[in-house]
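Report on the structure
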Amino acid sequence: MKKLISVILAGLMAVMALGGCSKEDEGGSMSTDGSTSMSEVIGVLGEAFQQENEGVSFTYNPTGSGSGIEAVLAGRCDIGLSSRSLKDEEKSEGLEETVLAYDGIAIIVNTENPVSDWSLEQIAGIYKGEITDWSEVGGQSGEIVVIGREAGSGTRDGFESITGTEDECSYRQELTSTGDVITTVAGNPNAIGYASLSAVKDTVKALSVGGVAPSEDTVKDGSYVVQRPFVFVTKSDAELSETAQSFFDFATSEDANELITSAGVVPAN
Amino acid sequence: MKNRQLLENIIHGIFFVLGMVTVGSVLLITVYLIISGLPAIKEIGLKEFLLGKTWASTASEPKYGILPFILTSIYGTAGAIVLGVPIGFFTAVYLSKMAPPKVKAVMQEAVSLLAGIPSVVYGLVGMIVLVPGIRELFNVPDGASLLCAIIVLAIMILPSIIKVSITALDAVPKEYEDASLALGATPIETYFRVSVPAAKSGIATAVVLGVGRAIGEAMAVMMVSGNAPNMPSLFQSVRFLTTAVASEMGYSSGLQRQALFSIALVLFVFILMINGALNFFLKGGKENNK
């Protein structure tokens, strides 16, 4: 959020600076619209893009994946942002997707916990409150302490949509940052939580899901299922404006990989 | 002569403008809170909003009931007062009346330091030490709870209670105490029968300040209370009015965001009531001294 605000502020200042020296036609502008989960990665990329191309105005409108896709169709923005793949009917309306990155979500438990591999159904059962004791899922007996993120968080939204537990999760704790979740799970042998894969270190244990351990590779090839793509949505028949095209090329090039990783997701290119 | 008068007027004007900055800020915040807080209450319904027991702001059928937050804030603050006031009060009596000068100097320094510790540090220490401690001590599945928040708040309000109480106790005229001692009362009798009653409005002020600090605290309690919107219970994960605003503001939109402003408005009303109480006690003190 802070990054987002700083991006917007930076954008405003850039516009004002331009207005001040009456060279308004120099530079250019582009707009993105869509997924709130992508705010961090787009914030980082937008910031870097503006630094490299002085005088360019870059805007990001966090409305949600669905509205972002609609906005591209209606021509209200240059690039739409979606944290899910396009549906076939959306593609048939003339939209094209380019995967920017994959958001892998690790299911984490305390290092003392003996469990190591679960199915997606078991995870969903725990978060819905149908499974409440560790002995039901291969651990030592003890009440499961379900830890999640606050309403509106991109990670929560991603986790709940992948496991099919939207609006049904019964959380014991709702924490406001990835770091808080990891610290809490590291300090409680009965806790389970979820966090961006890139943030998970040795202090907690990331579980395998369906026999596949989470890693950059398994997220990229799709075998680790608790993940979703972050995609750029564009019109397949229309060309992007010059500014938008150069941002697109920049974001999908290898140069952007480090920035994308710093935003906590796995780069696709 | 004229120039001098002009200068006076100009300086007067500058000071007036500077003073108005404070008043203007208060007015701006009040007006802004009311304007942005009312629409959601209107849409949700006042009764539904204040007395609803379920908060599910991002569900497909969102529910915006803040009764759990209101009760948690009240219980949490009351708990912190119950724990913190006796400790703070007796510390203040000791420091003001009994402590040897060296002990007094060191302890007052410690109290000042306690006041200066940022709330996020209280939260962090609470999260890493207190939360696991409560889990093991009470054998509950998770330590992040109302109890944990109460303990953190109780420690956080100690400095304001101690400092204001000491000021009040120090201000009691020495003649009162001398008279009591001369009549044969022991020092302890004197402090609790004479000094404390004479300072009671100051001590009441200290308690109200403590209430204000406790009810407005967000950062520290957010880190130790678990933040699930449950009805309050000592070992349950709970959400305060402050943390309800702070935890969801980052990604909120639409009616959810407006509802967060409405929560802030409710909190603001609470603070107004506490300030009213404070004024009442301060006035009471002045009348007593007449």
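About the criteria used
- Residues numbered from 1 in each chain as written.
- Chains lettered and ligands numbered in written order.
- Predicted model: local features only at pLDDT ≥ 70, side-chain atom pairs only at ≥ 80, totals over all residues.
- Heavy atoms only, no water.
- Helix = DSSP H or I, 4+ residues; strand = E, 2+ residues; numbered from the N terminus.
- Buried < 20%, exposed > 50% of the residue type's maximum accessible area, 1.4 Å probe, protein only.
- Contact = heavy atoms within 4.5 Å.
- Lys, Arg positive; Asp, Glu negative; His and termini not counted.
- Charge placed at Lys NZ, Arg CZ, Asp CG, Glu CD.
- Expected span 1.5 Å × (residues − 1).
- Domains from an automatic or database assignment.
- Buried area = accessible area lost by both parts, 1.4 Å probe.
- Nonpolar A, V, L, I, M, F, W, Y, C, P; charged D, E, K, R; others polar.
- Salt bridge = Lys/Arg side-chain N within 4 Å of Asp/Glu carboxyl O.
- Core = buried A, V, L, I, M, F, W, Y, C linked by side-chain atoms within 4.5 Å.

Looking at the overall build of chain B
- Of the regular secondary structure elements, chain B holds 12 helices and two strands.
- Element order for chain B, N to C, with α for helix and β for strand: α-α-β-β-α-α-α-α-α-α-α-α-α-α.
- Projected onto its principal axes, the C-alpha coordinates of chain B cover approximately 75 × 75 × 30 Å.
- Looking at chain B as a whole, 43% of its 290 residues are labelled buried.
- Here the analysis covers contacts within chain B between residues at least 6 apart in sequence; of these, 70% occur between residues at least 24 apart.
- Charge separation in chain B, taken as the distance between the mean sites of 20 positive and 15 negative side-chain charges, equals 6 Å.

Some details on helix H2 (residues 39-52) of chain A
- End to end, H2 of chain A covers 20 Å across 14 residues, agreeing with the expected 20 Å (1.5 Å per residue, within 8%).
- Buried residues of H2 of chain A: Ser39, Val41, Ile42, Gly43, Val44, Leu45, Gly46, Ala48, Phe49 and Gln50 of chain A, and no others.

Quick look at the domain arrangement of chain B
All names here are of chain B.
- You can read the domains of chain B as domain 1 (2-51) and domain 2 (66-289).
- The C-alpha centroid of domain 2 is placed 28 Å from the C-alpha centroid of domain 1.
- Interface area for domain 1 against domain 2, summed over the two sides, is near 1,200 Å², with a carbon-plus-sulfur share of 78%.
- Its largest share of buried area at the contact with domain 2, domain 1 owes to Leu33, Phe49 and Leu50, together 42% of the area lost on that side.
- The element contributing the most residues to the side of domain 1 that touches domain 2 is helix H1 (residues 2-44), with 12 residues.
- Broken down by class, the residue content of the side of domain 1 that touches domain 2 amounts to 11 nonpolar, three polar and one charged.

Comments concerning the pattern of salt bridges
Residues and elements named next belong to chain A.
- Evaluation of the coordinates by the stated rule reveals 13 salt bridges over all chains.
- Salt-bridge contacts for arginine 84 lead to glutamate 90; the nearest nitrogen and oxygen are separated by 3.3 Å.
- When its relative accessible area of 27% is taken as the criterion, arginine 84 is described as partly exposed.
- Between aspartate 157 and arginine 228 there is a salt bridge, with its nearest N and O atoms 3.6 Å apart.

Remarks on the nonpolar core
All names here are of chain A.
- Ranked by size, the top nonpolar core spans 40 residues in total, and within it Ile107, Ile108, Trp118, Ile126, Tyr127 and Ile192 carry the most contacts.
- At the level of secondary structure, the elements contributing two or more residues to this core comprise strand E4 (95-110), helix H5 (120-128), strand E6 (145-149), helix H6 (154-163), helix H7 (178-187) and strand E8 (191-196).
- Counting 26 residues, the second largest nonpolar core, distinct from the first, contains Ile42, Ile79, Phe230 and Phe232.

As for unusual backbone geometry
- If you check the backbone angles, aspartate 167 of chain A has positive phi at about 65° while not being a glycine.
- In this fold, aspartate 167 of chain A is placed in the loop between H6 and strand E7 (173-175).
- Assessed through its relative accessible area of 43%, aspartate 167 of chain A is described here as partly exposed.
- A positive phi angle is found at asparagine 227 of chain B, which is not glycine, with a value near 70°.
- Note on placement: asparagine 227 of chain B falls in the loop between helix H10 (219-224) and helix H11 (241-249).

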